[in-house]
Amino acid sequence: MQDNETQEPAAPTSETGNAIPTPEVRKAPDATALQPSQMKSRGKKSWAKRHPWLRRIGIAFLIVVGVVLASLVLFRFVNPPITSVMVIEKLRGETLQRRWVPIEKISPHMRLAVIASEDGNFCRHQGVDWAAVRQVLESAKNLEPARGASTIPMQVAKNIYLWEFRSYLRKALEVPLAYALVTIWPKERVLEVYLNIAQFGPGLFGVEAASRKYFRKPASALTQREAVLLATTLPKPKVRNPARPNRTHRVVANAVQKRLPYIAKRADCVLNP
């Protein structure tokens with residue numbers, strides 16, 4: 001006799017051989033299980049995303065440094081066509097007067113006079129005269145007047161790349177530029193460029209143009225006194241006139257002229273190029 005009760009089929013088991021595989025549930029990766037290198041990479045990426053402007057500033061800085069270094073290498077062999085100081089003078093409405101001459105066509109009196117007036121240790125330092133810097137700092141502490149501590153390489157860097165008005169930022173930039181300049185250029189080239197780009201009057205640049213304007217002769221024919229008067233014009237080129245020096249100018253020129261024999265013993269790097 002048949003049983004009318006419906007029997008439920010038995011659940012398949014491994015014993016019956018009819019087991020139904022249960023799909024595996026994949027667990028989400030645990031952030032704490034990341035390898036240190038992966039976490040470091042993720043941290044860097046998130047930092048760059050948080051501060052994109054810092055990355056842009058860094059890239060811009062590297063580009064500027066590369067351009068400046070490339071130009072320094074170029075100007076070792078090619079004369080700078082213009083400087084930042086010349087551009088500023090041009091914007092002020094001045095007519096630029098300049099004439100480039102090689103150092104061999106500049107009087108030895110002028111080479112010596114500008115070193116005696118502007119940078120007595122020119123042949124001995126590597127871009128910055130830290131002894132002069134210390135003297136300026138000591139004078140400032142004692143509230144005494146003192147001349148600037150800018151060397152000729154620092155002035156070349158300022159004239160080509162920077163600006164005229166004084167600031168701590170400009171001084172901070174002059175130092176590495178001066179070191180780079182002396183590393184890439186020999187001292188003869190530094191002085192040659194300086195004497196051809198230095199400002200001797202409103203819109204007047206270079207010793208050749210200055211010599212012809214003030215003394216009606218080329219820079220190669222300058223006498224010792226004329227060279228000293230020109231060199232002592234450089235700190236105040238828009239005020240001093242070497243052809244008609246005022247009393248203060250004459251006093252400064254006399255002091256520099258007395259130093260020439262002493263400085264000549266320390267300027268051998270440029271007196272006989």
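Looking at an unreviewed UniProt entry, the chain carries the name Biosynthetic peptidoglycan transglycosylase, with the source organism given as Methyloceanibacter stevinii. The Sequence similarities (unreviewed entry) comment attached to the chain in UniProt states, word for word, "Belongs to the glycosyltransferase 51 family." As recorded by UniProt, the Pathway (unreviewed entry) comment attached to the chain reads in full: "Cell wall biogenesis; peptidoglycan biosynthesis."

Moving on, we come to the UniProt feature "transmembrane region" (unreviewed entry) in the chain. Here, the residues flagged by UniProt with the feature "transmembrane region" (unreviewed entry) are residues 57-78. Within residues 57-78, the helical portion is 86% and the strand portion 0%, while the C-alpha atoms at the span's ends are 30 Å from each other.

Glancing now at the packing of aromatic side chains. Under the criterion given, the structure shown has one aromatic pair. Against the face of Trp-185 rests Arg-189, its NZ or CZ located 6.0 Å from the ring centre.

With that settled, the discussion passes to the sheet that holds strand β1 (residues 97-98). Pairing within the open sheet is mixed, and its three strands lie in the order β1-β3-β2. Each having just a single partner strand, β1 and β2 (199-201) make up the two edges of the open sheet.

Before going further, it helps to examine the state of the cysteines. Scanning the model with the defined rule gives one disulfide in all. A sulfur-sulfur distance of 1.9 Å marks the disulfide that ties Cys-123 to Cys-269. Residues Cys-123 and Cys-269 are joined through a disulfide that is left-handed, its torsion about the S-S bond being -75°. Of this pair, Cys-123 sits in the loop between α4 (108-118) and α5 (130-141) while Cys-269 sits in helix α12 (residues 268-271), and the two are 146 residues apart along the sequence. The partly exposed category is assigned to Cys-123, whose relative accessible area is 21%. The class for Cys-269 is partly exposed, based on a relative accessible area of 22%.

Moving on, we come to unusual backbone geometry. With phi around 55°, Arg-216 is a residue other than glycine that occupies positive phi space. Tracing the sequence through the fold places Arg-216 in the loop between α9 (207-215) and α10 (224-231). Among the residues examined, Arg-216 registers a relative accessible area of 69% and is labelled exposed.

With that settled, consider the nonpolar core. Among the nonpolar cores identified, the biggest contains 54 residues, and Met-110 and Val-156 are the most heavily contacted of them. Discounting chain neighbours no more than four positions away, the residues touching Met-110 are Leu-195, Phe-200, Val-207, Leu-222, Ala-227, Leu-230 and Ala-231.

In this section: the pattern of salt bridges. Tallying each qualifying case throughout the model produces eight salt bridges. A salt bridge links Glu-174 to Arg-170, with the nearest nitrogen and oxygen atoms 2.8 Å apart. Of this pair, Glu-174 and Arg-170 are both found in helix α7 (residues 168-184), four residues apart, which corresponds to roughly one turn of the helix. Assigned by exposure class, Glu-174 and Arg-170 land together as buried. Between Arg-212 and Glu-208 there is a salt bridge; the shortest N-O distance is 2.7 Å. One end of the pair, Arg-212, and the other, Glu-208, are both in helix α9, four residues apart, so they sit about a helical turn from each other. Accessibility expressed as a relative area gives 35% for Arg-212, which makes it partly exposed.

Rules used throughout
Residues numbered from 1 in each chain as written. Predicted model: local features only at pLDDT ≥ 70, side-chain atom pairs only at ≥ 80, totals over all residues. Heavy atoms only, no water. UniProt positions renumbered as here; feature names shortened; annotations may be inferred. Helix = DSSP H or I, 4+ residues; strand = E, 2+ residues; numbered from the N terminus. Phe/Tyr/Trp six-rings, centres within 6.5 Å; stacked < 30°, edge-to-face > 60°. Lys NZ or Arg CZ within 6 Å of the ring centre and 35° of its normal. Pairing = 2+ DSSP bridges. Disulfide = S-S within 2.5 Å. Buried < 20%, exposed > 50% of the residue type's maximum accessible area, 1.4 Å probe, protein only. Core = buried A, V, L, I, M, F, W, Y, C linked by side-chain atoms within 4.5 Å. Contact = heavy atoms within 4.5 Å. Salt bridge = Lys/Arg side-chain N within 4 Å of Asp/Glu carboxyl O.

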